[in-house]
Amino acid sequence: MSDEPKNTNETENKDIAVNDKTEKTVVASKPWDEARVVVFLIGICLLIEGLLIYYQAGSSQVLVAGTTGLGGLVMMLMAWLLPFEDDETEDDESSSDENEEELESDSEKTKQVSDIPQSKIPTEERPVVADTSEKKEDKPVEELQKKKLNAEEAESLKESDKPQKEELTWFQRLSFGLTKTREGFIGKLKKLVFGTTKIDADLMDELEETLFEADVGVKTTEELLDNLKKKVEEEEIKDPNVIYESLRDQLRNKLAKYTEPPRFNANGLTVFIIIGVNGVGKTTTIAKLANKYKKDGKKVILAAGDTFRAAAIDQISIWGERAGVEVIRGQEGGDPGALVFDAIHAAKKREADLLIIDTAGRMHVKANLMAELNKVMKIVKKESDGGPHEIFLVLDATTGQNAVQQAKQFNEIIPITGLVVTKLDGTAKGGVLFAVEEELNAPVKFIGVGEKMDDLMPFEPEKFLEALFNDDTDKKKESDYKIVK
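Now for a description of the structure that goes with this document. Keep in mind it's a predicted model, so treat the numbers as computed, not measured. (Residues numbered from 1 in each chain as written. Predicted model: local features only at pLDDT ≥ 70, side-chain atom pairs only at ≥ 80, totals over all residues. Heavy atoms only, no water.)

A word on the overall build of the protein
Looking only at helices and strands, the protein features 17 helices and 8 strands. Expressed as a percentage of its 485 residues, the buried residues of the protein come to 36%. For the protein, the accessible surface area stands at approximately 30000 Å², while carbon and sulfur atoms represent 52% of it. (Helix = DSSP H or I, 4+ residues; strand = E, 2+ residues; numbered from the N terminus. Buried < 20%, exposed > 50% of the residue type's maximum accessible area, 1.4 Å probe, protein only. Areas by Shrake-Rupley, 256 points an atom, 1.4 Å probe, with all protein chains shown as cover.)

Printed below as a string of structure tokens:
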């Protein structure tokens with residue numbers, strides 16, 4: 001009986017020895033990873049370098065050679081002797097196995113306790129407590145979601161409660177843009193006329209001064225006052241209201257005399273040429289025209305014909321992107337005539353309705369630029385069907401009488417068919433419209449009353465005068481003004 005246990009112990013020891021050998025062989029046969037190989041190779045290199053230093057320098061560099069060689073040897077030993085990651089995982093597995101064994105033993109103990117009859121176990125009455133652990137975890141999440149929903153609902157309610165901005169009508173935008181002119185010109189005119197009880201030479205002098213300040217122009221002012229004096233003498237007028245109404249009617253007649261919408265080619269491509277000096281808003285006017293006619297359903301193409309000014313091509317390209325239209329462009333300093341030729345043929349090929357040609361900002365005194373403009377005109381006449389259909393001169397209203405002089409000088413060289421007066425919202429000199437039409441015998445076809453795309457409007461004399469004479473102060477009667485006796 002005693003021999004059998006010994007045999008079993010011997011066999012167990014042999015099995016353990018065999019397992020140890022197999023584990024060692026497995027560890028030895030494990031492949032090295034890349035980092036371990038790199039560390040080992042670096043160690044070899046340092047060891048060889050230390051030997052070479054000693055061989056070449058001798059005993060004078062023994063310390064350096066020894067330190068280098070020792071560092072290499074340490075790195076080789078680290079690469080060789082440090083345990084693999086699998087060994088650590090095996091340790092973790094063994095510890096987990098031990099934990100499992102402990103758990104199993106604990107479970108067996110609990111089973112033994114559970115086998116005891118319930119009657120023998122003393123029990124105490126305890127209040128029943130519901131398991132609310134899951135609810136406690138879910139409750140904060142639910143509360144956060146509710147708070148988030150409530151916040152979103154509150155924001156939506158606030159936005160709905162806010163008064164939404166209504167888009168201004170055409171007339172409202174026009175009236176708002178003419179505020180400075182109305183206050184500076186028409187406001188003074190009303191105070192002057194309604195603030196007196198008699199019509200005499202002093203009143204006429206003050207009226208003349210007010211018209212000059214509004215840049216109505218010498219010719220137009222003299223004509224207005226001559227007609228007014230004649231009417232007062234013939235009809236023996238003494239009521240200031242009649243003078244005010246007479247001036248308004250004369251201004252309406254002057255604007256209506258040159259009313260004419262832009263001309264379009266019914267048989268194909270329409271060509272507009274835009275001219276003007278630098279700084280009047282020529283490029284932005286082109287973009288606004290493109291935006292307007294695109295909204296009207298026309299296919300619009302722009303030609304970047306200003307090859308003279310630096311960055312002019314890039315500027316009109318950016319505005320073309322904003323307006324959503326194609327831009328035909330060339331190289332800076334190139335021939336504008338050649339570009340216009342290519343643009344006309346490209347517009348025809350793309351079946352465009354309107355081609356708007358930008359030109360270099362130029363003064364009338366620059367002969368070379370004016371010669372270029374004449375060349376562009378000849379190319380447009382030759383290559384397009386009856387073009388150019390419109391030649392628009394862009395004028396800055398804030399320059400007053402200078403704008404009138406520019407228009408006269410341009411008109412002597414090029415037959416201007418229409419005017420675009422910009423920046424009326426930034427000046428009290430809106431009377432320049434009356435002067436420029438009289439000097440050129442050419443109609444104002446568009447006016448600019450703001451910087452937005454929709455702030456360029458077709459010129460309608462009746463609407464313009466209605467907005468200009470619109471009284472924001474509700475002073476419509478003689479009694480509303482201070483009477484000067």
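Focus on the packing of aromatic side chains
Scanning all chains against the criterion turns up 7 aromatic pairs. Taking 5.8 Å as the distance between ring centres and 75 degrees as the angle between the ring planes, the aromatic pair formed by Y244 and F469 counts as edge-to-face. With Y244 in helix α10 (residues 240–256) and F469 in the segment after α17 (461–468), this pair connects stretches of sequence that are 225 residues apart. Neither Y244 nor F469 differs from the other in exposure class; each is buried. Each ring, one from F392 and one from F446, has its centre 5.9 Å from the other, and the planes form 80 degrees; the classification is edge-to-face. In this pair, F392 is assigned in strand β5 (residues 390–396) and F446 in strand β7 (residues 444–448), connecting sequence segments 54 residues apart. With respect to class, F392 is no different from F446; both count as buried. Grouped by ring-pair contacts, the aromatic residues F264, F272, Y293, F392 and F446 constitute a single cluster. (Phe/Tyr/Trp six-rings, centres within 6.5 Å; stacked < 30°, edge-to-face > 60°.)

Notes on the environment of M457
Counting through the fold element by element, M457 comes out in strand β8 (residues 456–458). We classify M457 as buried; its relative accessible area is 0%. On a C-alpha basis, the gap between M457 and R173 in space is 9.6 Å, while along the polypeptide they are 284 residues apart.

Quick look at helix α7 (residues 179–194)
Helix geometry: α7 is bent most strongly at I186, by close to 30 degrees. Of the positions making up α7, those classed as buried are T181, R182, F185, I186, L189, K190, L192, V193 and F194. (Bend = angle between axes of the 7 residues up to and from the residue.)

Notes on the pairing of β7
Along any regular strand, the residues point their side chains to alternate faces of the sheet. Where burial is concerned, most of β7 is hidden: 5 out of the 5 residues are buried. Here strand β6 (residues 418–422) runs beside β7; their pairing, made up of 3 bridges, is parallel. Pairing of V421 across the sheet is with I447, part of β7. Sheet analysis places β7 next to β8, joined by 3 bridges and oriented antiparallel. By the bridge assignment for β8, I447 is matched with M457. (Pairing = 2+ DSSP bridges.)

A short note on the side chain of E383
Take E383: it is sitting in helix α14 (residues 367–383). For the buried E383, which has no salt bridge, the nearest side chain bearing the opposite charge is K382, at an N-O separation of 4.8 Å. Here H345 takes part through its side chain, which lies 2.9 Å from a polar atom of the side chain of E383. (Lys, Arg positive; Asp, Glu negative; His and termini not counted. Salt bridge = Lys/Arg side-chain N within 4 Å of Asp/Glu carboxyl O. Polar contact = N/O pair within 3.5 Å; in protein donor to acceptor, adjacent residues only side chain to side chain.)

What about the pairing of strand β4 (residues 354–358)?
In terms of residue burial, β4 counts as a mostly covered element, since 5 of its 5 residues are buried. The side-chain alternation of β4 yields two buried faces, one formed by L354, I356 and D358 and the other by L355 and I357. Strand direction decides the pairing type here: strand β1 (residues 270–275) and β4, joined by 5 bridges, are parallel. Note on β4: the bridge partner recorded for T270 is L354.

Brief notes about the pattern of salt bridges
A full pass over the atoms with the stated rule returns 13 salt bridges. The partner of K295 in a salt bridge is D454, with the nearest N and O atoms 2.9 Å apart. Taken together, the positions of K295 in helix α11 (residues 282–295) and D454 in the loop between β7 and β8 put the pair 159 residues apart, joining distant regions of the chain. For K423, the salt bridge is made with D396, and the minimal N-O distance between the two is 3.5 Å. You can see K423 sitting in the loop between β6 and α16 (432–440) and its partner D396 sitting in strand β5, a full 27 residues away along the chain. Residue D396 is classed as buried on the basis of its relative accessible area, which comes to 7%.

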